[in-house]
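Structural overview
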Amino acid sequence: MTFAIPEDLETPALVVDVDVLERNIATMAERMRERGVRLRPHAKTHKCHEVASRQLEQGAAGLTVASLGEAEAFAARGFEDLFVAYPLLAHGPKAARLRSLLERVRLSVGVDSLESARLLAEAAGSELLTVLVEIDSGLRRTGVSPEAAGDLARACGDLGLDVAGVFTHAGHSYREPSAPAVVAIEEHDALAAASESLRLSGVPARTVSAGSTPTALRSASAPVNEERPGTYVFNDRQQVGLGSATDDQVALVVASTVVSTAVTGQVVIDAGSKALTSDKPAWLNGHGAVVDLDGVPVGSLNECHGMVAIADGPPPPLGTVVRVVPNHVCTVVNLFDTYEVVSNGKLVDRWPVTARGHLI
Ligand code: PLP
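Residues numbered from 1 in each chain as written. Predicted model: local features only at pLDDT ≥ 70, side-chain atom pairs only at ≥ 80, totals over all residues. Heavy atoms only, no water.

**Looking at the packing of aromatic side chains**
Scanning all chains against the criterion turns up four aromatic pairs. Geometrically, the ring pair formed by phenylalanine 234 and tyrosine 339 is tilted, given 5.7 Å between the ring centres and 50 degrees between the ring planes. Note that phenylalanine 234 is positioned in the loop between strand S9 (226-227) and helix H9 (237-242) and tyrosine 339 in strand S17 (residues 338-343), a separation of 105 residues in sequence. Residue class for tyrosine 339 comes out buried when judged on its relative accessible area of 0%. Relative to tryptophan 351, the ring of tyrosine 339 lies with its centre 6.4 Å away and its plane at 75 degrees, an arrangement referred to as edge-to-face. (Phe/Tyr/Trp six-rings, centres within 6.5 Å; stacked < 30°, edge-to-face > 60°. Helix = DSSP H or I, 4+ residues; strand = E, 2+ residues; numbered from the N terminus. Buried < 20%, exposed > 50% of the residue type's maximum accessible area, 1.4 Å probe, protein only.)

**Let's talk about the packing of helix H1 (residues 18-35) against helix H2 (residues 49-57)**
Relative orientation of the contacting elements H1 and H2 amounts to 40 degrees, with a least axis distance of 10 Å. When the axes of H1 and H2 are compared, the pair comes out oblique. Crossing of H1 against H2: the hand is right-handed. When H1 is examined against H2, the residues Val18, Leu21, Glu22 and Ile25 are found in contact with a partner set consisting of Val51, Arg54 and Gln55. Classifying every residue of the contact of H1 with H2 by side-chain character gives four nonpolar, one polar and two charged. (Axes fitted to C-alpha atoms, helices over the stretch in contact; angles between N-to-C directions. Parallel < 35°, antiparallel > 145°, perpendicular 65-115°, else oblique. Left-handed = near helix turned anticlockwise from the far one by under 90°. Contact = heavy atoms within 4.5 Å. Nonpolar A, V, L, I, M, F, W, Y, C, P; charged D, E, K, R; others polar.)

**Re the packing of helix H3 (residues 68-76) against helix H4 (residues 93-104)**
Helices that pack against each other are described as a pair by the angle of their axes relative to one another and the distance between those axes. As a packed pair, H3 and H4 sit with axes 11 Å apart at the nearest point and diverge in direction by 30 degrees. Of the two possible hands of crossing, H3 and H4 adopt the one that is left-handed. Contacts between H3 and H4 involve Leu68, Gly69, Ala71, Glu72 and Ala75 on the former and, on the latter, Lys94, Arg97, Leu98, Leu101 and Arg104.

Shown next, in the form of structure tokens:
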């Protein structure tokens, strides 16, 4: 059952239930502890120091981020162990920013080419920069093949970089509801092959890091010794569809108000693409599920309008506040400045989306 929200929220609003959130954080931490695997959650989902602090309190080893900007935002809030899981090209102003961060926090960065390794080594100067070689476990986005990881690791070492190991993101686990079980094996086996490739090249991997919410519990076994899920803190409609979460593990909704019932057979809510994004996997209908209208999807979107088809019968009165479970929570969070934090249906706090929009 999705959590309750206050009735008097100004909408559209990003509403997080702190009790569900803390339960999700504690459960993932416990699952990883049971498996003897380190947790370095991806903070691009929540972008919020309040959530990150709770993750570290539960034993997370550090944070994963997607950009230098996110790393800077978390460093400014006192987070000291940050992994930029991205093939960062440290040229232009980024080189100086990287160097400055490196002087302040324990920083590691992803690398998937010799060119980017050269730029990283140059930017680091006399500081020791830690890198992880990214491998492609089937997503076909970034990363070298597992077999090529050893050569790149050795070349990084020759440039004076500290090679901690290998990482991958099994984003192809999102392709269809049956994908996570199969993809978790691909992810695990690709990392095992990459780790062996590093060993053969004389650069043994200290860190073998997997990362995606749908596969996290399945790929967390040796030689994998780190997991970087992000979405698990809030979950969303996609995670429920993939079987990685249940309705009562959804910790975030977009609260929205019925603003028009003028067109027969539909209601219009004040959450459009500027609140819900247009993210939609091919296997899901619509742009979010309206919990308070029997879970019907938001059928279509304009920027500030969400169109919801309703069955026969009177529409809900204008002004009704409804909870929408978004398809993909990470991109939705990035559209808001503030979380409305609730517990037992009451507003208890407001948190800033600390690293919102820090793309660069
Ligand atoms: N690691 C990397 C490199 C990612 O790109 C992502 C998500 O995009 C994650 C970890 C976290 O995955 P998820 O959003 O499935 O929790």
